[in-house]
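Examining the three-dimensional arrangement
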Amino acid sequence: MYAIVEIKGQQFKVSEGQEIFVHRLDAKEGDQVTFDKVLLLAKDDTYQVGQPTLEAKVNTTVLEHLKGDKVIVFKKKRRKGYRKKNGHRQSFTKIKIDSIA
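The following paragraphs examine the structure supplied in this document. (Residues numbered from 1 in each chain as written. Predicted model: local features only at pLDDT ≥ 70, side-chain atom pairs only at ≥ 80, totals over all residues. Heavy atoms only, no water.)

A word on the environment of Glu-55. Take Glu-55: it is sitting in the loop between β6 (46–49) and β7 (58–77). In this structure the C-alpha to C-alpha distance between Glu-55 and Ala-3, which are 52 residues apart in sequence, comes to 12 Å. (Helix = DSSP H or I, 4+ residues; strand = E, 2+ residues; numbered from the N terminus.)

Here it is as structure tokens:
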């Protein structure tokens, strides 16, 4: 059984027991978070597709907050002496899928 759920503007294919990284959530570690924007449910050979969403929920637990790898942004214009170096680290939340109901 799996579901397609929308979390913070992104769609994820999740199943029970799975751990995924999503953009930073406003929840503390150990909190229970429920997502109700379920777009598709699949169980064995039956599929339910929402128009646009279904009356289902995905219950999760927040495991930890962390940062991703550093991404270097380097800009240069040749023969002009223009160089710009910038770095960025995205904030993520690791969640575990408890149940799909």
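Inspection of every chain in the model, using the stated rule, returns zero aromatic pairs. A cation sits over an aromatic face here: Lys-13 above Tyr-2, 4.4 Å from the ring centre. The lysine or arginine in question, Lys-77, covers the ring of Tyr-82, its NZ or CZ lying 5.5 Å from the ring centre. (Phe/Tyr/Trp six-rings, centres within 6.5 Å; stacked < 30°, edge-to-face > 60°. Lys NZ or Arg CZ within 6 Å of the ring centre and 35° of its normal.)

Reading across the sheet, the four strands line up as β3-β8-β7-β4 and stay open at both edges, with antiparallel pairing between neighbours. Of all strands in the sheet, those bounded by a partner on one side alone are β3 (19–23) and β4 (32–35). Within the sheet, the average angular offset between the axes of one strand and its neighbour, ignoring direction, is 45 degrees. Relative to β7, β4 runs antiparallel, the two being bridged by four bridges. If you follow Thr-34 over to β7, its bridge partner there is Asn-59. (Pairing = 2+ DSSP bridges. Axes fitted to C-alpha atoms, helices over the stretch in contact; angles between N-to-C directions.)

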